[in-house]
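For reference, the chains in residue letters:
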2 protein chains.
Amino acid sequence: MISKSQISFIKSLHQKKIRKEQGLFIVEGLKSIQEFINSDYVVDSVYYTENLMPKLGNLSRNIKSVEISEVELSKISTLSTPQAILAVVRIPQQTDFNSIIHTRSFLIALDGIQDPGNLGTIIRTADWFGLYTVLCSKDTADAYNPKVVQASMGSLSRVNVIYTELGDFLDQTNLPVYGALLDGNSIYKTDFGQEGIILLGNEGNGISDELQSKINYPVTIPRYGKAESLNVAISAAIFCSELRRKS
Amino acid sequence: MISKSQISFIKSLHQKKIRKEQGLFIVEGLKSIQEFINSDYVVDSVYYTENLMPKLGNLSRNIKSVEISEVELSKISTLSTPQAILAVVRIPQQTDFNSIIHTRSFLIALDGIQDPGNLGTIIRTADWFGLYTVLCSKDTADAYNPKVVQASMGSLSRVNVIYTELGDFLDQTNLPVYGALLDGNSIYKTDFGQEGIILLGNEGNGISDELQSKINYPVTIPRYGKAESLNVAISAAIFCSELRRKS
């Protein structure tokens, strides 16, 4: 049972503005919710339908859990086919980039990625390849958008997503900057070493001129066919795979 | 100007059943439409808004072109933000797999891919890496679904998508079958040679037991982090990249 005002409160979290105001976002599906519970995130409350009850054993006792009807779930869910459980989770404090400026590993930097599915898939892929920091320009899609959370498949609970002025960060870091461009050197002939920043640009316009000037190594995924470009999450994955196969 | 009955006819093509009955599907956006015009596909008709007119110069004179209002376009479009032009295109005759059974190159085979965005991205990626045949099990998403067409970014005009009994095909082909599994040999140590089939499975359940038994080389993308799996379009891309870098 859930009140009308709770329903409209949770529904309001579908909007970025309200998520930011309230510092809360929505996670759906038991597996993803368990990953957030087992992470540094604070899960505020959980709403589940009756048929999920037998599977709830692993949920923390400290979390407010409310049984609701399927009709109620369909009202608060962001999915066309809700997954029997929905959690409201706190958005963590933004990390300042100074806390990672001396990192000696691989980071991903995203310049203006617009599609939430792409951002979520990049976070999931980063998690598979063991890259735990994704830096985003301020005009990149919101990581707490339900579509990003969904596409990340729980990986958002482990990957640190930092929104910042990418230009300032690239000016201050000592890490080499590898930029995904259409006219760089072949990725298959690139030595990534043991650390660096993989910089990827907007779906339509690529990397902005300002940030292109900060690239140390322009890198291209060679084309063997006729498509004009690759999806940005696909490019990110091929970069991750290449830098791991060589390291 | 477009009649009410034309509007409802084009809208009906948003549904798979009607697309199949009528043998027609929708393509949106000038760039994609031009790629279909320049391909073996037959473009039946084109609907555009006034502000697109200056760019229409390259369109074939043989295609019925109708100027419509933005309101009319929003009624027939499958997009939340329509792209000023929409085409109705003929679905080509299905190729029988016998026509490609003696192919000596790389093919992609998809077992039950459900998400249209994944299928479209796989088609786009195949086109980038010069793989021009995608075989699909009959329960794979419809390649003429507007979301597939959109995600393929015009590449559907160049990649031959064949729906077939994958088991029969794998029984009859002489090509080696490389299956994307979680417990195979490292893709980084796999020699793909010059030809073969890359077999990828359903988003949730992977490759079916029946098809797993037909795999010659089980192959895995090594995991360096904690995500449980990779998105199937991401896996497809890493396979394409690896087989090209080695060939």
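Just so it is clear, the model here is predicted, and its values are computed rather than measured.

Draft legend 1. How the structure looks around the interface of chain B and chain A. Facing the 33 residues of chain B at the interface are 33 residues of chain A. In total, chain B and chain A occlude about 3,000 Å² of area from one another, counting both sides; carbon and sulfur atoms represent 61% of this. For chain B, the biggest contributors to the area lost against chain A are B:Arg124, B:Trp128 and B:Arg245; these three give 27% of the whole. Counting across the interface, chain B meets chain A through 4 salt bridges. Linking chain B to chain A there are 20 residue pairs in polar contact (both at pLDDT 80 or more). Listed by contribution, the elements that provide at least two residues to the side of chain B that touches chain A are helix H5 (116-128) and helix H9 (232-246) of chain B. With 9 residues, H9(B) is the largest single contributor of residues to the side of chain B that touches chain A. A class-by-class count of the residues in the side of chain B that touches chain A yields 14 nonpolar, 8 polar and 11 charged.

Draft legend 2. The arrangement of the pairing of strand S9 (residues 196-201) of chain B in detail. Residue and element names in this part refer to chain B. For S9, the buried fraction is high: 6 of the 6 residues fall into the buried class. Both faces of S9 are covered, namely the face carrying Gly196, Ile198 and Leu200 and the face carrying Ile197, Leu199 and Gly201. Where strand S5 (residues 106-111) and S9 come together, 6 bridges link them in parallel fashion. From the neighbouring strand, Leu110 faces S9, where its bridge partner is Leu200. With 3 bridges connecting them, strand S8 (residues 177-186) and S9 associate as parallel partners. Paired with Tyr178 across the two strands is Ile198, which belongs to S9.

Draft legend 3. Inspection of the domain arrangement of chain A at higher detail. Residues and elements named next belong to chain A. For chain A, the assigned domains read domain 1 (4-90) and domain 2 (97-246). Relative to domain 2, the C-alpha centre of domain 1 lies at a distance of 30 Å. Of the residues lining the interface, 15 residues belong to domain 1; the matching set on domain 2 comes to 11 residues. Buried surface at the junction of domain 1 and domain 2, summed over both partners, amounts to about 1,100 Å²; 52% is from carbon and sulfur atoms. Sorting the residues of domain 1 by area buried against domain 2 places Arg19, Glu35 and Tyr41 first, and these three jointly supply 38% of that buried surface. Inspection of the domain 1/domain 2 interface yields 2 salt bridges. As a salt-bridge pair, Arg158 and Glu35 come within 2.6 Å of each other at their nearest N and O atoms. Taken together, domain 1 and domain 2 are joined by 5 residue pairs in polar contact (both at pLDDT 80 or more). Elements with a contribution of two residues or more to the side of domain 1 that touches domain 2: helix H2 (16-22), strand S1 (24-28) and helix H3 (30-37).

Scoring rules and cut-offs
- Sequence order as written defines residue numbering, which begins from 1 separately in each chain.
- Here chains are named by letter from A upward and ligands by number from 1 upward, in the order in which they appear as written.
- In view of the model being predicted, local features appear only for residues whose pLDDT reaches at least 70, and side-chain atom pairs are presented and counted only at 80 or more, with totals across whole chains, interfaces and linings using the full set of residues.
- To get the side-chain values, all heavy atoms of the structure are used, and hydrogens and water are removed first.
- By definition, residues are in contact when any of their heavy atoms lie within 4.5 Å.
- Accessible surface is computed with a 1.4 Å probe, and the buried area is the amount of it that two parts give up when combined, taken over both parts together.
- Note on definitions: salt bridges are taken to be side-chain nitrogens of Lys or Arg within 4 Å of carboxyl oxygens of Asp or Glu.
- N or O atoms within 3.5 Å of each other form a polar contact, as long as, within protein, one can give a hydrogen and the other can take it, and as long as residues adjacent in sequence are counted only when both atoms are side-chain atoms.
- Helical segments are the DSSP runs of H or I of at least four residues, strand segments are the runs of E of at least two, and each set is numbered from the N terminus.
- Throughout, the ten residues Ala, Val, Leu, Ile, Met, Phe, Trp, Tyr, Cys and Pro are labelled nonpolar, Asp, Glu, Lys and Arg are labelled charged, and all others, Gly among them, are labelled polar.
- For each residue, the accessible area found with a 1.4 Å probe, counting protein chains only, is set against the maximum for its type, and the residue is called buried under 20%, exposed over 50%, and partly exposed in between.
- The rule for pairing is simple: two strands pair if DSSP sees at least two bridges between them.
- All domain edges in this entry derive from an automatic or database-based domain assignment.

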